[in-house]
Amino acid sequence: MHKVDLTAGPLAGAWRNNTIGTLYEFAKRAPGTSLRLSIGAEEILLIQDAETTRHILRTNARNYAKNYGGFLGLFGESRLTSDGVRWERLRDLSQPYIGAARSADVVRVANRSFVGAVQDLLDARDGEGRVDVEPAANRAAATVVSEVALGFGAFDVAATIEDFRAILRYGSRGHWNIGGAQVADSPAERARFEAARANLQRRIRTVLQTAASGPAGLVSDIGAAESDGVDPVSEIASLLFAGFDTTSTAISWGLFLLAASPDLQSALRADVRRVMGDGPLVPEALEALPQLAAFRNEVLRIFPPIPAIGRTALAVDRLGDEEVRAGQPVMISIIGLHHDPAHFAAPAQVRLARYPGGRLPRELTGHHLPFSDGHRICAGARIANVELLAAFAILIDRLVFELADTRPLEFEWVASLRRRGGTHLRIRPA
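Below, the structure is looked at part by part. (Residues numbered from 1 in each chain as written. Predicted model: local features only at pLDDT ≥ 70, side-chain atom pairs only at ≥ 80, totals over all residues. Heavy atoms only, no water.)

Turning to the overall build of the protein chain, a few remarks are in order. For the protein chain, the helix and strand inventory stands at 15 helices and 13 strands. Taking 22 Å as the expected radius of gyration for a compact globule of 430 residues, we find that the protein chain reaches 21 Å, a close match to that expectation. Based on the C-alpha atoms only, the size of the protein chain along its principal axes is roughly 60 × 55 × 45 Å. Within the protein chain, contacts between residues at least 6 apart in sequence are counted, and of these 75% link residues at least 24 apart. Split by element, the accessible area of the protein chain, about 17900 Å² in all, is 52% carbon and sulfur. (Helix = DSSP H or I, 4+ residues; strand = E, 2+ residues; numbered from the N terminus. Rg over C-alpha atoms; globule rule 2.2 N^0.38 Å. Contact = heavy atoms within 4.5 Å. Areas by Shrake-Rupley, 256 points an atom, 1.4 Å probe, with all protein chains shown as cover.)

So this is what it looks like as structure tokens:
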């Protein structure tokens, strides 16, 4: 493996201040090559090839524990953060409900939520028609996951999202910044984080209390499991966050790519209108939109909502010719996998032809991992894929998106991959 010193100098500053931009740069300069990133006496193994990724996530997965870096502990112990027998217990508690979610219900709630998002976007425009699309995408996606996957209805979506963002912004400051690159804490930032976490916990307790007096369901089951050692607040918070944050991120990046490609946007709009007609979106329509499915796959490839996966080796292992010590931090760069030109020619470009019939070809399976892989693959991947198609269809049908500024593309790693400063586009009714 090549070694890269991040202890000091410009590259160290880039890693600390723009980790995602640095991952894109590593993918460009050393495609398909794993790297040892040194920070003082510590090292991170950065994995950028499918074979090694498969070994870590599948072949020898039990030797690698989840590593959330600076995010560890923000939501407490949950299915998202735990491992081993504890994780299996929490998986068995929630997966029957998540797996039973019907595509028809996803589309039904998405119709209401994203048609509402259209109006929210139009109402939020400034005098020049510009708007940050992320807040509306966040609210709509949170509504879908709360109603369809988690089974609870009315709650203060906007305030809950603000709590999540405050918590995640705090955690992201130290994400993967080990050793000499550690970012200092401040009392004011800590206070904001604690207040947001207390607000979030209070809201989720209210949801749990309401569910306890209602019919059986996922939330009531999680609440009842508190007597068995489950932390219900952390579990609900993690499931809600994991269910909406990555989906809304992908929607925002998709709208950015459409704004940057007017011809593609027009072609997809014509396709959507041909299939939808004048009626609401129905599940059968999604199956008749392979080009839109291909676009969804390209959005997830170019800007993967989870740009990297953290693991820690529990025991000695070998990755090719390299020995991995126990306790070694490992980062799988999903960006590195998705931007390897050996498998995706011109990786920064949207090319729908990569996905015949809208589906990922078998030979690219191990190279396209927006939802991770192995037994810890995203629990809600099927729901997210349907929701993304529905959201893009509804938004493209009703709105035209244009680039609103010429800012350089900068990234913010707040759990999911966001554009720094928000995704500001100019929009108008289609």
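Anyway, onward from the coordinates.
The next subject is the pattern of salt bridges. A full pass over the atoms with the stated rule returns 30 salt bridges. One salt bridge connects Arg318 with Glu323, and the closest N-O pair in it is separated by 3.9 Å. (Salt bridge = Lys/Arg side-chain N within 4 Å of Asp/Glu carboxyl O.)

Moving on to the environment of His339. As for its position among the elements, His339 is in the loop between α14 (334–338) and α15 (381–398). On the basis of relative accessibility, which here comes to 9%, the residue His339 falls in the buried class. Placed 50 residues apart in sequence, His339 and Leu389 show a C-alpha to C-alpha distance of 23 Å. (Buried < 20%, exposed > 50% of the residue type's maximum accessible area, 1.4 Å probe, protein only.)

So, on to the sheet that holds strand β9 (residues 329–333). Each strand in a sheet pairs with another by means of backbone hydrogen bonds, the pair being arranged parallel or else antiparallel. Overall, mixed pairing links the six strands, which are arranged β1-β2-β3-β9-β6-β4 in an open sheet. At either margin of the open sheet sits one strand with a lone partner, and together these are β1 (2–5) and β4 (64–66). Each neighbouring strand pair of the sheet contributes to a mean axis angle of 30°, computed without reference to strand direction. The pairing of strand β2 (residues 35–39) with strand β3 (residues 42–47) spans five bridges and is classified as antiparallel. (Pairing = 2+ DSSP bridges. Axes fitted to C-alpha atoms, helices over the stretch in contact; angles between N-to-C directions.)

With that settled, the discussion passes to unusual backbone geometry. At Ala346, a residue that is not glycine, the phi angle is positive and equals roughly 45°. Secondary-structure assignment places Ala346 in the loop between α14 and α15. The backbone of Ser372 shows a phi angle near 70°, a positive value even though the residue is not glycine. Looking at the element boundaries, Ser372 is found in the loop between α14 and α15.

Let's shift gears to the environment of Ala285. Note on placement: Ala285 falls in helix α12 (residues 283–287). Taking the C-alpha atoms as reference, Ala285 lies 34 Å from Arg79; in sequence the two are 206 residues apart.

Below, the discussion takes up the pairing of β3. With respect to burial, β3 is a largely interior element, five of its six residues being buried. Looking at chain direction, β3 and β9 are connected through three bridges and run parallel. Across the sheet, Ile47 pairs through a bridge with Ile332, a residue of β9.

The pairing of strand β11 (residues 411–414) with strand β12 (residues 416–419) spans four bridges and is classified as antiparallel. Within β12, the residue paired with Phe411 across the bridge is Arg419. Hairpin remark: β11 followed by β12, antiparallel, with one residue in the connecting loop; positive phi at Ala415, about 70°.

As a further point, take the packing of aromatic side chains. For the coordinates displayed, the defined rule picks out nine aromatic pairs. Seen from their ring centres, Trp253 and Phe303 are 3.9 Å apart, and the 15° between their planes marks the pair as stacked. Taken together, the residues Trp253 in helix α10 (residues 232–260) and Phe303 in the loop between α13 (290–302) and β6 (308–313) connect sequence positions 50 residues apart. The same class applies to Trp253 as to Phe303, namely buried. Aromatic pair Trp253 and Phe411: ring centres 5.9 Å apart, planes at 45°, arrangement tilted. Residue Trp253 is located in helix α10, and its partner Phe411 is located in strand β11; the two are separated by 158 residues in the primary sequence. (Phe/Tyr/Trp six-rings, centres within 6.5 Å; stacked < 30°, edge-to-face > 60°.)

Following the sequence through the fold, Asp317 ends up in strand β7 (residues 317–319). The charged side chain of Asp317 is buried without a salt bridge, its nearest counter-charge being Arg318 at 7.7 Å. Here the side chain of Asp317 touches Tyr64 through a polar contact of 2.6 Å, side chain to side chain. In this view, Asp317 contacts His55, Asn60, Asn63, Tyr64, Glu322, Glu323 and Val324; residues no more than four positions away in its chain are not counted. (Lys, Arg positive; Asp, Glu negative; His and termini not counted. Polar contact = N/O pair within 3.5 Å; in protein donor to acceptor, adjacent residues only side chain to side chain.)

For α13, which comprises 13 residues, the first-to-last C-alpha distance of 18 Å matches the rise-based estimate of 18 Å (1.5 Å per residue) to within 8%. Of all 13 residues that make up α13, eleven are buried, and the element is covered over most of its length. Within α13, the full set of buried residues consists of Leu292, Ala293, Ala294, Phe295, Arg296, Asn297, Glu298, Val299, Leu300, Arg301 and Ile302. Taken together, the buried residues of α13 touch α2 (19–29), α10, α11 (262–276), α14 and α15. (Expected span 1.5 Å × (residues − 1).)

Spatially, the three strands line up as an open sheet ordered β5-β13-β10, and their pairing is antiparallel. Where the open sheet ends on each side, the last strands, each with one partner, are β5 (130–132) and β10 (399–403). Adjacent strand axes in the sheet meet at a mean angle of 45°, parallel and antiparallel pairs treated alike. Here β10 runs beside strand β13 (residues 424–429); their pairing, made up of five bridges, is antiparallel. Paired with Val400 across the two strands is Arg428, which belongs to β13.

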